[in-house]
Amino acid sequence: MKFLVVDDSPTMRRIVVNALKSFGIDDIVEAEDGQDALAKLQSNKIDFIITDWNMPNMTGLDLTKAIRNSDQWKDLPILMVTTRGLKEDIIQALQAKVNNYIVKPFTPQVLKEKILSILKTNV
Ligand SMILES: [Mg+2]
């Protein structure tokens with residue numbers, strides 16, 4: 001399975017990538033914003049997206065909407081990892097059809113549980 005990790009913060013990307021590697025996931029592509037993520041989707045066969053919300057150029061919310069509106073990627077699992085923890089934010093993200101949502105800071109265990117629960121419901 002190939003994962004796409006999208007965040008404008010290189011430090012945050014490293015934290016997520018290191019957590020994934022600790023679970024044995026090492027087929028990982030990184031992108032620095034939503035536009036970059038769409039380009040990476042074009043050039044890689046991505047199976048799962050973990051995305052930040054607040055990013056320049058294209059936010060994670062707009063990225064999610066673009067993916068859900070596309071024919072080829074509309075069913076791709078999307079996990080949003082963000083500092084935006086307000087109830088309205090979470091509702092907005094779920095309405096845009098992210099599969100699940102994590103508020104930063106998070107533990108690797110929580111990340112793993114959310115990924116597994118998404119994969120379970122997508123089988
Ligand atoms: Mg950000």
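Up top you'll find the structure we're talking about.
Residues numbered from 1 in each chain as written. Predicted model: local features only at pLDDT ≥ 70, side-chain atom pairs only at ≥ 80, totals over all residues.

A. Seen up close, the sheet that holds strand S1 (residues 3-6). In spatial order, the strands read S2-S1-S3-S4-S5; together these five strands make up an open sheet with parallel pairing. Among the strands making up the open sheet, the edge pair consists of strand S2 (28-31) and strand S5 (100-103). Sheet twist, expressed as the average angle between the axes of neighbouring strands with direction ignored, equals 20 degrees. Alignment of S1 against strand S3 (residues 48-51), held across four bridges, turns out to be parallel. (Pairing = 2+ DSSP bridges. Helix = DSSP H or I, 4+ residues; strand = E, 2+ residues; numbered from the N terminus. Axes fitted to C-alpha atoms, helices over the stretch in contact; angles between N-to-C directions.)

B. Structural context of helix H1 (residues 10-22). Here H1 contains 13 residues, and its C-alpha end-to-end distance of 18 Å stays within 8% of the 18 Å for a straight helix at 1.5 Å per residue. Residues of H1 that are buried include every one of Val16, Ala19 and Leu20, and no others. The buried residues of H1 occupy an angular sector of 100 degrees when the element is viewed end-on, so they sit on one face. Exposed side chains of H1 directed beyond 90 degrees from the buried face belong to Pro10, Thr11, Asn18, Lys21 and Ser22. (Expected span 1.5 Å × (residues − 1). Buried ≥ 20, exposed ≤ 12 C-beta atoms within 10 Å, placed from the backbone. Arc of directions from axis to C-beta.)

C. How the structure looks around the nonpolar core. Ranked by internal contacts, the top residues of the largest apolar core, which has 26 residues, are Leu4, Val6, Ile49, Ile50, Leu79 and Met80. Secondary-structure elements contributing two or more residues to this core are S1, H1, helix H2 (34-43), S3, helix H3 (60-68), strand S4 (78-82) and helix H5 (108-122). Leave out the neighbours within four places in its chain, and Met80 touches Thr51, Trp53, Gly60, Ala93, Val98 and Tyr101. (Core = buried A, V, L, I, M, F, W, Y, C linked by C-beta atoms within 7 Å. Contact = placed C-beta atoms within 7 Å.)

D. Just the pairing of S5, in detail. By the bridge criterion, four bridges tie S4 to S5 in an arrangement that is parallel. Each bridged residue has a counterpart across the sheet, and for Val81 the counterpart in S5 is Ile102. Regarding topology, helix H4 (residues 87-95) serves as the crossover connection from S4 to the parallel S5, and that connection is right-handed. (Right-handed = clockwise from strand over helix to strand, strands pointing away.)

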